[in-house]
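Letter by letter, the chains look like this.
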Amino acid sequence: MKPAAFDYHAPVDLDEAVGLLGELGEDAKVIAGGQSLVPMLALRLAAVDHLVDLRRVGELRGIEVRDGALWIGAGMTQAAVERSAEVAEAVPLLARATRLIGHFQIRNRGTIGGSIAHADAAAEYPAVALALDAEFEACSPRGRRTLPAREFFTGWWSTALDPDEVLTGISFPRRAGRSGFAIEELARRHGDFAIAGAAVALELDDGERVRRCGIGLFGLGSSVQRAAAAEEALAGAVAADVRPDEIGRTAMTGLDSIPSDLHGPPEYRKRVGAAMVARAWTKALQEARNG
Amino acid sequence: MADTDVRMTVNGMVRRGTVPARLTLADHLRQNCGLTGTHLGCEHGACGACTVLVDGEAVRSCLVFAVQADDTEITTIEGIASADGRLSTVQSAFRDHHGLQCGFCTPGFVISVTAFLRDNPDPSDEEIREALSGNLCRCTGYQGIFQAVRAAAESLRAGSPAPEAVVPAPPDS
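These numbers were taken from a predicted model, which means no experiment stands behind them. (Residues numbered from 1 in each chain as written. Chains lettered and ligands numbered in written order. Predicted model: local features only at pLDDT ≥ 70, side-chain atom pairs only at ≥ 80, totals over all residues.)

Run through the interface of chain A and chain B, naming residues and quoting values.
On the chain B side, the residues contacting the 25 residues of chain A number 27 residues. When the residues that make up the side of chain A that touches chain B are grouped by side-chain class, the tally is 13 nonpolar, seven polar and five charged. (Contact = placed C-beta atoms within 7 Å. Nonpolar A, V, L, I, M, F, W, Y, C, P; charged D, E, K, R; others polar.)

Which residues make up the packing of helix H2 (residues 89–96) of chain B against helix H3 (residues 106–119) of chain B, and what are the values?
Residues and elements named next belong to chain B. Interaxial distance between H2 and H3 falls to 9 Å at its minimum, and their mutual angle equals 125°. Regarding the angle of H2 to H3, the classification is oblique. Crossing of H2 against H3: the hand is right-handed. Across from Val90, Gln91 and Phe94 in H2, the residues of H3 making contact are Thr106, Val110, Val113, Thr114 and Leu117. Broken down by class, the residue content of the contact of H2 with H3 amounts to five nonpolar, three polar and no charged. (Axes fitted to C-alpha atoms, helices over the stretch in contact; angles between N-to-C directions. Helix = DSSP H or I, 4+ residues; strand = E, 2+ residues; numbered from the N terminus. Parallel < 35°, antiparallel > 145°, perpendicular 65-115°, else oblique. Left-handed = near helix turned anticlockwise from the far one by under 90°.)

How would you sum up the sheet that holds strand E13 (residues 210–218) of chain A? Please name residues and give values.
Residue and element names in this part refer to chain A. The sheet built from four strands is open, its strands ordered E11-E12-E13-E14 with antiparallel pairing. The strands lining the two open edges of the sheet, one partner per strand, are strand E11 (178–186) and strand E14 (225–226). Both E11 and strand E12 (residues 196–204) contribute to a ladder of nine bridges, which runs antiparallel. Looking at the pairing, Ala182 lines up with Val200 of E12. Along the sheet, helix H11 (residues 266–290) makes contact with E11, E12 and E13, crossing E11 at roughly 150°. (Pairing = 2+ DSSP bridges.)

Help me get a handle on the domain arrangement of chain A, residues and values and all.
Many authors give the size of an interface as the accessible area that is lost as the parts come together. In terms of domain boundaries, chain A breaks down into domain 1 (7–53), domain 2 (58–173) and domain 3 (178–290). Taken over C-alpha atoms, the centre of domain 1 of chain A sits 35 Å from the centre of domain 3 of chain A. (Domains from an automatic or database assignment.)

Give a description of the pairing of strand E10 (residues 166–173) of chain A that names residues and reports values.
All names here are of chain A. The buried fraction of E10 amounts to seven of the eight residues, a majority that puts the element mostly inside the structure. Bridging between strand E5 (residues 69–73) and E10 involves five bridges; their strand directions are antiparallel. Residue pairing across strands places Ala69 opposite Pro173, the latter belonging to E10. Note that strand E6 (residues 135–140) and E10 share five bridges and pair antiparallel. Each bridged residue has a counterpart across the sheet, and for Cys139 the counterpart in E10 is Val166. (Buried ≥ 20, exposed ≤ 12 C-beta atoms within 10 Å, placed from the backbone.)

This is the structure we're talking about:
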């Protein structure tokens, strides 16, 4: 047995789950698919006194239109997201990102809520949620609240969720207008965490100007982040005048905690990140024009 | 740290146990059920040697605690051949195409490929390579494994379905 010993709880509904979390406090951690948490426990990078398993909590499942957005229960597996015709139609960026996550055996267990609440800086779903301005629903013993994606990711594996709060669902705006979406990443092997990547969600107006462009970066800091400088430069720009390599470079300005590891120093990651933004922009623009 | 009762159906047989929460499904299958065909390589989700089917879906049994698999249906490598020992189509293809060398990774590959071909009976070469990417072979025998998957797909399509192996379909989600 690799992980340190802990107590296991399998609440049957959300009330019981957040009640337990409130009672157990900081010593408890939520587990959903466990595809990130279990390796961390096995390697003893993390240790918990209590694991609260969400597998029996039915309120966390479902994919449906709610208030005009596509709501996806936090407990839906990545495989279920991948298979959903509704996701492919309404939130194509999410469907495309899913295929880049791990391997199919991982996606069979890993959940969308788990990916987002785990908040790995190199993960795809958090960057997609940022690019699309998704909204997260959370529940704690104090009640429910909604958090915008841009206020959610606060640093290395940390989020705006309180220790006794459970992420219950994510609302993604459905595609509308002349829009295009792309996600590009560089990884040494298929299924590895990306060295750097970018998710682009673009909407053009009838005059070929950028109405909205959200760019989510991953692998380029202590958390996923928006490419604020590039988004600003793009707002209202004539799409044909935008030079992809320039937008890529602009997207890399103001990044202050780019990781350095065996894959390369921050300067290398910046070059990769700029190239991924340029590629994703080009693909998204092509789709927006054709669509 | 109280132990927890678990009950699962493994290769068609009901197995009960009382396990510590930190016991992985892989260790439960090997130690408590005596099913040592499920191999453990890395024990942190990188190598795929421990892949089993949980309710029909291929998963890494080192990344699931036994308590999380309470009330599920499991198929391990021991449940892939038919009861009389006849190899499944996937197993035969691995044998025929030299899809194994030392054999350590083979149970994980066979389980993954069995689920993959059930869900995608006519895969492209690229899809096969992608499907194999979650399992590592330290002998690097990937060419033979790839040939085996292609051959297994062809014989399954030609109507030689896996013999009475216990391969439940996943529930509708």
